[in-house]
Every structure is written in structure tokens, then in C-alpha cells.
Amino acid sequence: MENSYRYFANKDCQYYPCHEGVEELNCLFCYCPMYLREDCLGTPEYIERNGKKIKNCMNCTFPHRPENYDRIMQLLRA
């Protein structure tokens, strides 16, 4: 996929690839815009620390898959 407003890959980033197993890793949502949302479209895990529930997105690749751009934007517009 070509770099565009919907997708880009920063292969020069020291953390690239941040997730293994994604063929075309979209860096557009490097920081997930759904992190603070309860209605996250991804597959986060939750851990508990000091009595607080913390969202752990280490194994979630949803925002990094180019085909999910439209779904993320639709959620953010709602």
C-alpha cells in the first residue's frame, strides 16, 4: 500500500515493527486513538495494578491494520 492520508509506514522508527505478524503495518495510529475509549474496536487485555484496571494493548494490532482506517474514523466521528 502506498503512503497516503490513510496509511504510512515509518520503517526508520526505532520501534518498527512494534507488532509482529502484521504484513503492512500502518503507523498512522502509532498512539491508538481508542486507548481511552470503553468501546474500543480492538482486542485489549486488562491488568490490575494497585486496585486499578489498566488497559494493555500490547497484543492488539487493530489500529495498525490498513483495512481498519475507516472503522476507526467512523467510531471517532460518532
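Look above for the structure.
None of the values given here were measured: they were computed from a predicted structure.

Chemist: Would you explain the overall build of the protein in this entry?
Modeler: Secondary structure assignment for the protein yields one helix and two strands. Reading the helices (α) and strands (β) of the protein from amino to carboxyl end gives β-β-α. With the principal axes as the frame, the protein shows a C-alpha extent of 45 × 30 × 15 Å. Nonlocal contacts in the protein, meaning residues at least 24 apart in sequence, comprise 43% of its contacts between residues at least 6 apart. Carbon and sulfur atoms form 49% of the exposed surface of the protein, whose accessible area is close to 6,000 Å².

Chemist: For this particular structure, what's the right way to read the environment of Tyr16?
Modeler: Topologically, Tyr16 is positioned in the segment before strand E1 (45–49). For Tyr16, a relative accessible area of 24% gives the class partly exposed. The sequence separation of Tyr16 and Cys27 amounts to eleven residues, and the corresponding C-alpha distance is 8.8 Å. With sequence-adjacent residues up to four places away left out, Tyr16 is seen in contact with Ala9, Asn10, Lys11, Leu25 and Cys27.

Rules and cut-offs
Each chain has its residues counted from 1, following the order in which its sequence is written. Only residues with pLDDT of 70 or above have their local features reported here, since the model is predicted, and side-chain atom pairs are shown and tallied only from 80 upward, although totals for entire chains, interfaces and linings are computed over all residues. Computation of side-chain values: all heavy atoms of the structure, hydrogens and water removed. Numbered from the N terminus, helices here are DSSP runs of H or I no shorter than four residues, and strands are runs of E no shorter than two. Contacts are assigned to residue pairs with any non-hydrogen atoms lying within 4.5 Å of each other. Areas reported here follow the Shrake-Rupley algorithm with a probe of radius 1.4 Å; residue values treat only the protein chains shown as occluding. Burial here depends on accessible area, computed with a 1.4 Å probe over protein chains only, as a share of the maximum for the residue type. Under 20% is buried, over 50% is exposed, and the range in between is partly exposed.

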